[in-house]
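The primary structure of each chain is shown beneath.
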Amino acid sequence: MSHQTAPDLTIEGLVHDLNNIFETIQEAADLLAKDPKQARLAAALRRSAGRGSRILNSYLEHSQELLDFELILDSAIEFARDFLQAVKGPQIEFARQIEPGLRLRGNPAGWERVLVNLFLNAAQAMESDGTVEVSAGRSASGIAIRVSDNGPGISPKILPNIFDPHFSTRAKRSGLGLHIVQTIVRQNTGSVIASNGPSGRGAIFDIELPNA
Ligand SMILES: Nc1ncnc2c1ncn2[C@@H]1O[C@H](COP(=O)(O)OP(=O)(O)O)[C@@H](O)[C@H]1O
Ligand SMILES: [Mg+2]
């Protein structure tokens, strides 16, 4: 008898079991796709399950790749659109201003999570359809990424607390989204701050990544 931790209790075991669940969802999506009326939903479900396993597997990878920011952004926008379509959320227009050839160091699933969390928060804050703007480029000290929206903005009273784990102003929410965003940005030695537009409306999230 071995006295080592049973493999099914390790993170590898968890990843394995959850991957089986994502595979089940993929198979269910394939079945659903046979009904032409459900084809779009099936495709969104399949992509979501694929992303779920990519995020999960990223816990086992510690590679620091050089990533094409535009590709990560495309994937995050598609993720947010799939999600909002599935939950019948507001339609979001995405506007972008990205310096050509911009590359980030890190893990693709991690950066995608950062952007998706910011996009979904923006969508969830909007009363109706709105716009999210993403700009990114090299700055004097490294790379600057800004995600802003034209929603109601963040009340100044709660601005100091929004990155705290479990802080949420909405019912039945985990309040973990921005904490995850901050954790991933800090793992990449960067910082993230939140503010509002000049009129007090429209939330702005600024991510700064220093030069390696
Ligand atoms: N774009 C935004 N516009 C307005 N408020 C926001 C925005 N993003 C985040 N917030 C506020 O920050 C809080 C925390 O966000 P988050 O950590 O993602 O948790 P959750 O989305 O589960 O509430 C939200 O409940 C909301 O009050
Ligand atoms: Mg959130």
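The sections below set out a description of the structure shown in this document. (Residues numbered from 1 in each chain as written. Chains lettered and ligands numbered in written order. Predicted model: local features only at pLDDT ≥ 70, side-chain atom pairs only at ≥ 80, totals over all residues. Heavy atoms only, no water.)

## Let's talk about the site of ligand 1
As a reminder of what qualifies: If even one non-hydrogen atom of a residue comes within 4 Å of a molecule or strand, that residue is called near it. Throughout this description, a polar contact denotes any pair of N or O atoms lying within 3.5 Å of each other; where both atoms belong to protein, one of them has to be capable of donating a hydrogen while the other can accept it, and for residues adjacent in sequence the pair is counted only when both atoms sit in side chains. Residue-level accessible areas treat just the shown protein chains as cover; the underlying method is Shrake-Rupley with a 1.4 Å probe.
What surrounds ligand 1 is a group of 19 residues, the closest being Asn121, Asp149, Ser168, Thr169 and Arg170. For ligand 1, an oxygen atom lies 2.5 Å from a polar atom in the side chain of Arg170. In this structure, Leu178 approaches ligand 1 through a main-chain N or O atom, which is 2.9 Å from an oxygen atom. The fraction of the free accessible surface of ligand 1 (540 Å²) that becomes covered by protein chains is 94%.

## Section: the environment of Ile158
Put simply, the rule is: Each helix is a run of H or I in the DSSP string that is no shorter than four residues. Each strand is a run of E no shorter than two, and both are numbered from the N terminus. Three labels apply to residues, based on accessible area from a 1.4 Å probe with only protein chains included: buried if under 20% of the type maximum, exposed if over 50%, partly exposed otherwise in between. Contact criterion: two residues are considered in contact whenever any of their non-hydrogen atoms come within 4.5 Å of each other.
Within the secondary structure layout, Ile158 lies in the loop between strand S5 (142-149) and helix H5 (177-187). On the basis of relative accessible area, Ile158 is assigned to the partly exposed category, the value being 21%. Along the primary structure Ile158 and Gly175 are separated by 17 residues, whereas in three dimensions their C-alpha atoms are 13 Å apart. Apart from the residues lying within four places of it in its own chain, the contact partners of Ile158 are Phe167 and Thr169.

## Considerations on the environment of His166
Within the secondary structure layout, His166 lies in the loop between S5 and H5. Between the alpha carbons of His166 and Glu12 there is a distance of 26 Å; along the sequence they are 154 residues apart. Discounting chain neighbours no more than four positions away, the residues touching His166 are Ser174, Gly175 and Leu176. Engagement of the side chain of His166 in a polar contact is seen with the backbone oxygen of Ser174, the distance being 3.4 Å.

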